[in-house]
Amino acid sequence: MSLLVLVAVINIFYAHVTTKEIEKEDDRTTYVCFQGNCVAKITLDGLNKSTNSTTFQSMENCRLLCGKYGNLWPLPTLAGELGSELVPVSPKKMYLTKECCGGEVETFMNEVFEIFRDNLVTECGGDPIAPSSVAVNVRYKVSEENLVLNMTTNEEYKLRVSHVPGNNIDVEIVAKTVFGARHALETLSQLTGRRRSPKSICSVYMMTSALIRDKPVFGHRGVLIDTSRHYIPMADLERTIRGMAANKLNVLHWHATDTHSFPLALSKVPALAELGAYSPKEVYTEKDIKYLVDYAKFRGVRILMEIDSPAHAGNGWQFGEQEGLGKLVLCRNSPPWQASCVQPPCGQMNPANDNLYKVLGGVYKNLQDLIPSEDIFHMGGDEVHLGCWNSSDEIINYMRLRKYPRTTEGFMQLWTEFHKKALQTWDAAIGHSNTKVVLWTSDLTRPETITNSLDKDRYIIEAWTSQFDSIPRELIALGYGLIYASTDVWYLDHGFWGNTLYHNWKKVYDYKIPEFPKVLGGEVSLWSEYADSNNMDTRIWPRASALAERLWSSPTTDSSVATYRLLEMRERMIRRGIAVDQIIPQWCYLNEGLC
C-alpha cells in the first residue's frame with residue numbers, strides 16, 4: 001500500500017505531552033514542540049517567540065511526540081496511531097511471554113527479544129540507566145512455525161502498546177512469522193526515547209499507547225557488499241547487518257568472489273582460497289559463514305551468496321592445471337587487460353572444459369550446506385568479454401566442434417550453453433530444481449533475445465541499468481522477475497571514480513520503482529574498489545536507510561518530508577555503533593523548519 005493511501009485511510013494523532021519535564025536544564029539543551037516542529041528553546045527565545053507548549057530535555061523525545069510520524073523509520077504501510085505521553089522504563093523490567101508456539105519459534109523470539117533489550121542498553125552509550133517502577137510486558141503470537149526467510153516470507157505484523165492499571169505497559173505483537181514479530185520489536189524500539197541528566201544518567205522513555213499494522217511493499221530489500229576487491233572483516237559485516245536490521249532491510253547480497261580474490265575457504269574446493277585469498281588471514285571460514293548466516297537470521301536478514309560467472313573469475317581458479325583438471329579459467333591476470341576484460345585483473349571461466357562444472361558442483365554443494373536456500377542463488381553473469389574467449393585456441397576449437405560460428409552470435413550460444421550447464425550442475429549438486437537463479441543484466445539478457453537463452457521460470461534478472469533505461473520494464477513484460485539495482489541512483493561507489501556521479505540519500509529516496517508483481521524489490525550496491533573497513537559505513541549509511549523506506553513503504557511523498565525522521569534514524573544508528581554520514585548542519589538538526 002502506498003503512503004498516499006496510508007495517509008488517506010489512517011491518521012496518526014499527536015497531542016502535547018500533558019506534563020512538563022521535571023528536571024530543568026539550560027535553554028541550550030531544552031527543546032520545544034513549536035507549530036509541529038522541534039526547535040531549541042534558546043532559538044525560539046531569540047526569535048521572540050513564546051509558547052505554552054511542552055518542553056523536552058532531549059531532541060529525541062521531542063520529535064517522538066511532536067512530529068507527524070514520530071521517529072518511525074521506515075513508515076508503516078497499513079495503519080498507525082501513536083499516543084501523546086511517555087513514561088520512564090528500564091530494559092531490566094521488560095518481559096516476554098508467548099500466546100502460542102514453542103520449540104524453535106520460542107527460542108528464536110527469546111533471542112530477538114534479548115537483541116531488542118540490548119539495543120536499548122547500547123543506545124544509552126554505557127551510561128547508567130535510571131531505574132523505573134514500570135514493567136513492560138511483551139506478549140507475542142506467531143501463527144507459523146516455519147523459520148525460513150525467503151522471497152515469499154510474510155513479514156507483516158501488528159503492534160499494540162497500551163498503558164494498563166498499575167502503571168505498567170502492555171505490548172501485544174501478532175504476526176504470521178517470527179520475522180514479522182522481529183520487525184514489531186524493532187518498531188517498538190523506535191517508540192522509545194532517551195534523556196541524559198547533568199550527571200550522565202540515561203533515562204529511557206516509552207510511548208504509552210500505539211497501534212501499528214505494517215508490512216513491506218517489496219519482499220527483496222537489499223544491500224550488496226563486495227568482499228573481493230577489498231577483504232571486509234567479519235566485524236564490519238556484522239555491523240552492516242545490525243544497521244540493516246534497524247532499517248528492516250532483509251537481504252545481504254554477498255558478492256563474495258571476483259577476479260581479484262576468492263576469500264571463501266571451502267572444504268570441498270580448498271585450493272580456491274589457498275590460491276585466491278589475499279592472505280591466509282583474509283578468508284571466511286565455513287565456521288564464519290555459518291555464524292554470519294545465523295547472526296543475520298536473528299536480525300531478519302538473509303544472506304544471498306553470489307559466485308560470479310562465467311566472467312569475474314580469476315585468482316584462485318589456477319589450480320586446475322596443477323591438479324590435472326585443465327584450464328578452469330582463461331586470461332587470468334593477462335596483459336593488456338583491455339583486450340580481455342573490463343577491469344584488471346582479468347579472468348573468465350572456460351566453458352570448453354567439462355571439469356569446470358565438476359568444480360562448480362563442489363562449490364555449489366558446499367555453499368548450499370552452509371547457506372541453505374531452495375528459492376534463490378546468484379550466479380552473476382555480467383560483463384563477459386568475448387575477446388578473452390576469442391583469444392583461446394581451446395574455445396575456438398570447442399566452438400568449431402559445436403558448430404558455433406566465430407561471431408558475436410556464436411559466442412552468445414557458448415555463453416548460453418554455460419548458463420544451461422551451470423544450472424544443471426546446481427540442480428544436481430543440491431538435489432532439486434526449485435531454485436531461481438539471479439543474473440545481472442548483460443548482452444545475454446537483452447529483451448529481444450533473452451527468451452532464446454534464459455527460461456523466465458528459472459531466472460530472475462537484476463538490472464544494473466540507469467533509472468531511465470526501458471530494459472527493466474521490457475523484461476518484466478516478458479515475464480521475468482526483476483530486482484532493481486539502478487546504477488545512477490543506487491550504486492554507492494559512484495562519485496568516487498572515473499566520470500561517475502555521487503547521488504545522495506535524497507536521490508536514493510526519490511527514485512521510485514514500479515509496484516508490479518514481477519518486481520521483487522531492489523538493492524543498493526557497495527562495490528569495493530574504493531571502499532573498505534575505513535569508509536564503508538559512511539558509503540552505505542544513510543543512503544541504505546533511504547532505500548529501506550523506499551522499498552518498505554513505497555511512499556508517494558518525496559525526501560523533503562522525510563529529512564527529520566531520517567536524522568533521528570541517523571542518531572539511533574550512531575548510538576548503536578554505526579558511523580552514519582552527516583546530511584544536515586547541526587544547527588538545522590536542532591531547529592526543524594528553520595533551514
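Positions within a chain are numbered from 1, following the residues in the order the chain's sequence is written. Note on the predicted model: pLDDT of at least 70 is required for a residue's local features to be given, and 80 or more for side-chain atom pairs to be given and counted; whole-chain, interface and lining totals, by contrast, use all residues. Side-chain numbers here rest on the full set of heavy atoms in the structure, without hydrogens or water.

Our next topic: the overall build of the protein chain. The numbering of helices and of strands both runs from the N terminus, where a helix is a DSSP run of H or I of at least 4 residues and a strand a run of E of at least 2. When its secondary structure is counted, the protein chain shows 20 helices and 22 strands. Over its C-alpha atoms the protein chain spans a radius of gyration of 26 Å, differing by no more than 12% from the 25 Å that the globule rule assigns to 595 residues. Once the C-alpha set of the protein chain is aligned to its principal axes, its extents read approximately 85 × 50 × 45 Å. Only protein chains enter the accessibility calculation, which uses a 1.4 Å probe; a residue whose area is less than 20% of its type maximum is buried, one above 50% is exposed, and one in between is partly exposed. Expressed as a percentage of the 595 residues in the protein chain, the buried residues total 60%. When the accessible surface of the protein chain is totalled, it reaches about 23300 Å², and 52% of it is carbon and sulfur. Just so you know, the count uses Lys and Arg for positive and Asp and Glu for negative, and it drops His and the chain ends. Lys charges are placed at NZ, Arg charges at CZ, Asp charges at CG and Glu charges at CD. Averaging the positions of the 62 positive and the 70 negative side-chain charges in the protein chain gives two centres separated by 3 Å. Computation of the radius of gyration draws on C-alpha atoms, with the globule rule given as 2.2 Å multiplied by the number of residues to the power 0.38. Computed with the Shrake-Rupley method and a 1.4 Å probe, the accessible areas treat only the protein chains shown as cover for residues.

Take the environment of Lys268 next. Take Lys268: it is sitting in the loop between strand S14 (251-255) and helix H7 (271-276). Residues Lys268 and Val359 lie 91 residues apart in sequence; the distance between their C-alpha atoms is 8.8 Å. Residues in contact with Lys268, not counting those within four places in the same chain, are Gly362, Lys365, Asn366 and Asp369. What makes two residues a contact is simply this: any of their non-hydrogen atoms within 4.5 Å.

Each regular strand displays side chains that alternate between the two surfaces of the sheet. Across the two faces of strand S12 (residues 210-214) the burial differs, with Ala210, Ile212 and Asp214 buried and Leu211 and Arg213 not buried at all. Paired strands, in this sense, are two strands between which DSSP finds at least two bridges. Note that strand S8 (residues 157-164) and S12 share 5 bridges and pair antiparallel. Following the sheet pairing, Tyr157 is matched in S12 by Asp214.

Our focus in this paragraph is the packing of helix H6 (residues 234-247) against helix H8 (residues 286-297). At a closest axis distance of 10 Å, the pairing of H6 and H8 adopts a crossing angle of 15 degrees. Comparing their axes, H8 and H6 come out roughly parallel. Viewed along their axes, H6 and H8 form a crossing whose handedness is right-handed. Facing H6, whose interface residues are Met234, Leu237, Glu238, Ile241 and Arg242, H8 presents Asp288, Tyr291, Leu292, Tyr295 and Ala296. Gly falls in the polar group here, along with every residue not listed as nonpolar (Ala, Val, Leu, Ile, Met, Phe, Trp, Tyr, Cys, Pro) or charged (Asp, Glu, Lys, Arg). Grouping the constituent residues of the contact of H6 with H8 by class yields 7 nonpolar, no polar and 3 charged. The axes are straight lines fitted to the C-alpha atoms, using for helices just the contacting stretch, and the angles between their N-to-C directions are given from 0 to 180°. Note on terminology: angles under 35 degrees are roughly parallel, angles over 145 are roughly antiparallel, angles of 65 to 115 are roughly perpendicular, and the others are oblique. Crossing handedness is defined as follows: a turn of the near helix away from the far one that is anticlockwise and smaller than a right angle gives a left-handed crossing, while the clockwise case is right-handed.

Turning next to the sheet that holds strand S5 (residues 86-89). Across the sheet, which stays open at both edges, the 3 strands sit in the order S5-S11-S10 with antiparallel pairing between neighbours. Strands with a single pairing partner mark the edges of an open sheet, and in this sheet they are S5 and strand S10 (192-196). Going from strand to strand, the sheet's axes swing by 35 degrees on average, the running direction of each strand aside. Note that S10 and strand S11 (residues 202-207) share 5 bridges and pair antiparallel.

Structurally, the position occupied by Ser334 is in the loop between strand S16 (329-330) and strand S17 (348-349). Look past the residues within four positions of Ser334 in its chain and what remains in contact with it is Ser340 and Cys346.

Turning to the nonpolar core, a few remarks are in order. Generally speaking, a soluble globular protein has its nonpolar side chains buried in company with each other. Definition of nonpolar core: a set of buried residues of the types Ala, Val, Leu, Ile, Met, Phe, Trp, Tyr and Cys, connected through side-chain atoms within 4.5 Å. Core analysis: the largest hydrophobic core is formed by 110 residues, its most contacted members being Trp254, Leu264, Trp317 and Trp490. At 10 residues, the largest contribution of residues to this core is made by helix H13 (residues 408-430). Setting aside residues no more than four positions away along its own chain, Trp254 makes contact with Ile225, Thr227, Leu237, Leu264, Tyr284, Ile289, Leu292, Ile303, Leu304, Met305 and Glu306. Grouped together as the second largest cluster of nonpolar side chains are 62 residues, Met109, Leu149, Val171 and Met206 included.

Across the protein chain, pLDDT averages 93, with 95% of residues at or above 70. Contacts for the low-pLDDT stretch residues 1-24, under 50 throughout, to residues beyond four places or in other chains number 68 contacts. Per-residue confidence from the predictor is reported as pLDDT, a score between 0 and 100.

This part is about unusual backbone geometry. In this structure, Pro345 follows Pro344 across a cis peptide bond, with omega equal to 0 degrees. Tracing the sequence through the fold places Pro345 in the loop between S16 and S17. Residue Pro542 is reached from Trp541 by a cis peptide bond, and omega for that bond is 10 degrees. Structurally, Pro542 is set in the loop between helix H17 (536-540) and helix H18 (543-553). A positive phi is found at Lys403, a non-glycine position, where the angle reads about 60 degrees. Here Lys403 is to be found in the loop between helix H12 (393-401) and H13.

What follows is about the UniProt feature "domain: Beta-hexosaminidase eukaryotic type N-terminal" (unreviewed entry) in the protein chain. Mapped onto this numbering, the UniProt entry annotates "domain: Beta-hexosaminidase eukaryotic type N-terminal" (unreviewed entry) at residues 133-191. For the annotated span residues 133-191, helix accounts for 20% and strand for 39% of the residues, and the straight-line distance between the end C-alpha atoms is 19 Å. UniProt positions are given in the numbering used here, feature names are shortened, and annotations may be inferred rather than shown by experiment.

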